[in-house]
There are 2 protein chains.
Amino acid sequence: MKKLIVQKYGGSSVATVEKINIVAEKVLSYKKKKYGLVVVVSAMGDTTDELIELANRINPSPEKREMDMLLATGEQVSAALLAMCIQSKGSRALSLVGYQVGILTDDFHTTAKIQKIEAQRIQKELKSGKVVIVAGFQGMNKDSDITTLGRGGSDLSAVALAVALDADECQIYTDVEGVYTADPRIVPDARKLEQITFDEMLEMASRGAQVMQTRAVEVAKKFNLPLYVASTFSKKRGTMIMDESQVIEKPVVRGVTLTEKEAKVTLRDVPDEPGIAARIFKSLGENNINVDMIVQNVGHDKATDISFTVEKSEVKKTVKVIKEVASVIDAEDVLADEDVAKISVVGVGMRSQSGIAFNTFQALAEQKINIEMITTSEISISCVVRKTDGKKALLALHKKFDLQKK
Amino acid sequence: MKKLIVQKYGGSSVATVEKINIVAEKVLSYKKKKYGLVVVVSAMGDTTDELIELANRINPSPEKREMDMLLATGEQVSAALLAMCIQSKGSRALSLVGYQVGILTDDFHTTAKIQKIEAQRIQKELKSGKVVIVAGFQGMNKDSDITTLGRGGSDLSAVALAVALDADECQIYTDVEGVYTADPRIVPDARKLEQITFDEMLEMASRGAQVMQTRAVEVAKKFNLPLYVASTFSKKRGTMIMDESQVIEKPVVRGVTLTEKEAKVTLRDVPDEPGIAARIFKSLGENNINVDMIVQNVGHDKATDISFTVEKSEVKKTVKVIKEVASVIDAEDVLADEDVAKISVVGVGMRSQSGIAFNTFQALAEQKINIEMITTSEISISCVVRKTDGKKALLALHKKFDLQKK
């Protein structure tokens, strides 16, 4: 074994028998170079969505433990099929599911976190010369129950395995050719990036770019594991996600993103006292609700408004939780607005460059787009706008920061 | 917990969301009586066949280990869905797959045998008041790999669990109302039996009646566990399968069966010497080929013919194995004939009754049906005939032994 490579193929890459065949060929092209190979796969095509729909027809709010039991089958099927496909081409392969891989997680079904990987089985199979196919997205908690790692969890499986196995490379194959300056479906002249830093990728992923799961990038960053993102079905060079020090090109703005998946929740006339914000977000945390942007402005008349964004699917639950808090802390009103879009400008160069905020707001003003919320981080600026303005805003920002193909 | 009941629902009983709903109601009608409930389920409808077809499109002869990995998902899906369905009706339930149930098997993938059941997890969940839903058909070998128990294996899961848990009852729910004197699809006036002995059920199952898996009945017999076979969707009384001493009605012939699933293989001009038959069937056994009828007649000119039947799906493999043996033992020729049917007459009363053989042959002769092979056991007579004569033979025998509805 010259080198150990962990590869991950997403759902669209294994959606059909024909595509599984192409994936097998791709895997074997690396195998021929005497590389050790661990291949993580997602469920075929829309399998996960179909299973969720089936479950919802039976029980609109099933226990998450059962949901994990159900959804984990999707990856098990594609792992077994890919192993069979590789065998049909004369190579040795075997598939492993979460409990066999030794991916041990906490108890948070449907959004479990990996605690430890006991990789002896994989190591044994690699040593014997087999390609090891791993059902992504899943693990096992201390009670031997099946857990899943959340949407896009197969990315996390791949990254965590690459770290645990001390792999030389981690390759994420998907249906896009890499990371772009903006979503090419919306911005036709978006440019593919050769390199991007972990931090930029994190900002872009959490701000709407759907290339990779955020948590997977976080783990890769933590262990400084470079990720290569490329297309399963193309030989074009993809994008390297790596530590800032290794990235050569350092533009001010790396890309712009748009997401319509979040809703804005506002808590009106909150008493302007210490500890109030903590109280609100403690309740949300206890209910496992992920909050993205949070905005609180200076108060007036000893009261203030607090706004934040959550995934649209969490709005109902959020409003319920927040209403309870509101009655305790004596806040006036809770408003939820799903008709919003969030656009973000991302780039590590922003740290040392002034004028990015100005240019962002100016670009939106030129299009007569009203800004409803603003947050900034060291390497990003995000604005919430009307949903109908989202795409127009994205195009304007992409142009303003000269991100188009040269 | 007044009583512990193990129930099994077949694939047609959980084929759709609506049917799963009916199964859940049936389970809960027992739960209301304060019974402890372990519910074994098969894969939804034709899922297993669809998965096999998918696998075959990828690899015509996939490794059996991967086949088990693939097929086991079918039961995992229906177990999770049934648990969700019961939860939606306000009761507590959880699903468990093979490795969680502690069903430990040998290494024979796709036809694994149960070696031990470590039922602590089920017992814990039952004690906490949950309905325990078990994914049937599957277990785990000593390497933690998923194994499956062969076609109809969910019956075996149910029976083995009932034995391991010392259950008070084992109920097998299916799409037929019980065991009949003959297949009602072929013999319209076939009669449903209220009782049948283990031995009769074994003969009938292995001779073509598809009500229950043979191995499951064998295990039930070994542990004297009465089985109740009935329809999921009807309230009509089903059939009890039980020890001979408990069966009240003792007719001479209990039923007649037909199978078109077997092929006849003949080894011509085998040297008529000691040890030859042993040699032939040792090779078949080593290749995991199940032989049903075996016929050897008295020899002539120091040579004899040996014929036997195997599942049609095994014919190719069988001929290959037998040709190798033939060349070693200097036999003349190997013939395979898939165009045959096997009809059988079954009943414990045959032991003490003469004339059954005569009546069987007479009934066939009256229809001008030629008999190609005959074997008998203490409680059955089987004949191989042309495939085109099978149904006619079954009808004639059913009538001859007065098995029709009174």
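On a predicted model such as this, the values are computed, not experimentally measured, just so you know.

Here is what the cut-offs are and how they apply
Residues numbered from 1 in each chain as written. Chains lettered and ligands numbered in written order. Predicted model: local features only at pLDDT ≥ 70, side-chain atom pairs only at ≥ 80, totals over all residues. Contact = placed C-beta atoms within 7 Å. Helix = DSSP H or I, 4+ residues; strand = E, 2+ residues; numbered from the N terminus. Nonpolar A, V, L, I, M, F, W, Y, C, P; charged D, E, K, R; others polar. Pairing = 2+ DSSP bridges. Axes fitted to C-alpha atoms, helices over the stretch in contact; angles between N-to-C directions. Least-squares fit on C-alpha atoms with pLDDT ≥ 70 in both. Expected span 1.5 Å × (residues − 1). Buried ≥ 20, exposed ≤ 12 C-beta atoms within 10 Å, placed from the backbone. Arc of directions from axis to C-beta. Parallel < 35°, antiparallel > 145°, perpendicular 65-115°, else oblique. Left-handed = near helix turned anticlockwise from the far one by under 90°. Core = buried A, V, L, I, M, F, W, Y, C linked by C-beta atoms within 7 Å.

*Asks:* Before we move on, could you go through the interface of chain B and chain A and cite the residues and values that matter?
*Replies:* Tallying the contact residues gives 28 residues for chain B and 28 residues for chain A. Taken together, the elements giving at least two residues each to the side of chain B that touches chain A come down to α1 (17-31), α2 (47-58), α3 (64-88), β3 (93-96) and α4 (98-101) of chain B. The biggest single contributor to the side of chain B that touches chain A is α3(B), with 14 residues. For the side of chain B that touches chain A, the per-class residue count stands at 16 nonpolar, 8 polar and 4 charged.

*Asks:* Lay out the sheet that holds strand β17 (residues 333-337) of chain B with the relevant residues and their values.
*Replies:* All names here are of chain B. One open sheet holds the 4 strands; their spatial order is β15-β16-β14-β17, and the pairing between them is antiparallel. If you trace the sheet from one side to the other, it starts and ends with β15 (291-296) and β17, each paired once. Here the average twist between neighbouring strands, direction ignored, is 15°. Pairing analysis gives 8 bridges linking strand β14 (residues 262-271) to strand β16 (residues 303-311), with the strands arranged antiparallel. From the neighbouring strand, Ala263 faces β16, where its bridge partner is Val310.

*Asks:* Can you tell me about the sheet that holds strand β2 (residues 36-41) of chain B, naming the residues and giving the values?
*Replies:* Strand pairing in a sheet is mediated by backbone hydrogen bonds. Such pairs are either parallel or antiparallel. Residue and element names in this part refer to chain B. Across the sheet, 8 strands lie side by side as β3-β6-β2-β1-β9-β11-β12-β10; this open sheet has mixed pairing. Here the strands that pair on one side only, and so sit at the sheet edges, are β3 and β10 (195-197). This sheet shows a mean twist of 20° between the axes of neighbouring strands, independent of strand direction. Of the pairings in the sheet, the one linking strand β9 (residues 169-174) to strand β11 (residues 227-231) comprises 5 bridges and is parallel in character.

*Asks:* Got a sec to walk through the relation of the copies chain B and chain A? Specific residues and values, please.
*Replies:* Its rotation angle being 180°, the transformation that places chain B on chain A also includes 0.0 Å of axial translation and leaves an RMSD of 0.1 Å. Such a combination of rotation and displacement between the chain copies is what one expects of a two-fold axis. Judged by C-alpha distance, B:Thr73 is the residue of chain B that lies nearest the rotation axis, at 2.6 Å. When the interface residues of chain B are mapped onto chain A, 100% of them again fall at the interface, so both copies present the same face.

*Asks:* So what's going on with α1(B)? Residues and values would help.
*Replies:* The first and last C-alpha atoms of α1(B) sit 21 Å apart over 15 residues, in line with the 21 Å expected at 1.5 Å per residue. All of the buried residues in α1(B) are B:Ile20, B:Val23, B:Ala24, B:Val27 and B:Lys31. The buried residues of α1(B) occupy one face: seen down the axis, they fall within an arc of 105°. Of the exposed residues in α1(B), the ones pointing more than 90 degrees away from its buried face are B:Glu18, B:Glu25 and B:Ser29. For α1(B), the elements touching its buried residues are α2 (47-58) of chain A together with β1 (4-9), β2, α3 and β6 (131-135) of chain B.

*Asks:* Break down the packing of helix α3 (residues 64-88) of chain A against α3(B) for me, with residues and values.
*Replies:* Two elements in contact, α3(A) and α3(B), have axes separated by 8 Å at closest approach and are oriented at 165°. With respect to α3(B), the axis of α3(A) lies roughly antiparallel. The two elements α3(A) and α3(B) meet at a crossing, and its hand is left-handed. Mapping the contact onto sequence places A:Glu66, A:Met69, A:Leu70, A:Thr73, A:Gln76, A:Val77, A:Ala80, A:Leu81, A:Ala83 and A:Met84 in α3(A) and B:Glu66, B:Met69, B:Leu70, B:Thr73, B:Gln76, B:Val77, B:Ala80, B:Leu81, B:Ala83 and B:Met84 in α3(B). Residues that form the contact of α3(A) with α3(B) fall into these classes: 14 nonpolar, 4 polar and 2 charged.

*Asks:* Report on the packing of helix α9 (residues 276-286) of chain B against helix α10 (residues 315-329) of chain B, specifying residues and quantitative values.
*Replies:* When two helices pack together, their arrangement is given by the angle between their axes and by how far apart the axes lie. All names here are of chain B. Between α9 and α10, whose axes approach to 9 Å, the crossing angle comes to 145°. Here the hand of the crossing between α9 and α10 comes out right-handed. On the side of α9, the interface is formed by Ile276, Arg279, Ile280, Ser283 and Leu284, while α10 contributes Thr318, Val321, Ile322, Val325 and Ile329.

*Asks:* Explain the environment of B:Val131 to me, and be specific about the residues and the numbers.
*Replies:* Residues and elements named next belong to chain B. Topologically, Val131 is positioned in strand β6. Overall, the presence of 26 C-beta atoms within 10 Å leaves Val131 in the buried class. Residues Val131 and Phe308, spaced 177 residues apart in sequence, show a C-alpha to C-alpha distance of 46 Å. Setting aside residues up to four positions removed in sequence, Val131 forms contacts with Val27, Lys31, Leu37, Val39, Ile86, Ser91, Arg92 and Ala93.

*Asks:* Any chance you could break down the environment of A:Asp272 for me, citing the residues and the numbers?
*Replies:* All names here are of chain A. Summarising the element assignment, Asp272 is placed in the loop between β14 (262-271) and α9 (276-286). Looking at Asp272, the number of C-beta atoms within 10 Å reads 14, which means it is partly exposed. Sequence spacing of Asp272 and Ala303 is 31 residues, and the spatial spacing of their C-alpha atoms is 4.6 Å.

*Asks:* So what's going on with the nonpolar core? Residues and values would help.
*Replies:* In terms of nonpolar packing, the biggest core is built from 246 residues, with A:Leu82 and B:Leu82 touching the most fellow members. Non-local contacts of A:Leu82, meaning those with residues more than four positions away in its chain, are made with A:Val14, A:Ile20, A:Val23, A:Ala24, A:Val39, A:Val41 and A:Ile133.

*Asks:* Please give an account of helix α8 (residues 214-222) of chain A that cites residues and values.
*Replies:* All of the buried residues in α8(A) are A:Arg215, A:Ala216, A:Val217, A:Ala220 and A:Lys221. In the stretch just after α8(A), A:Asn224 is the one whose phi turns positive, near 50°.

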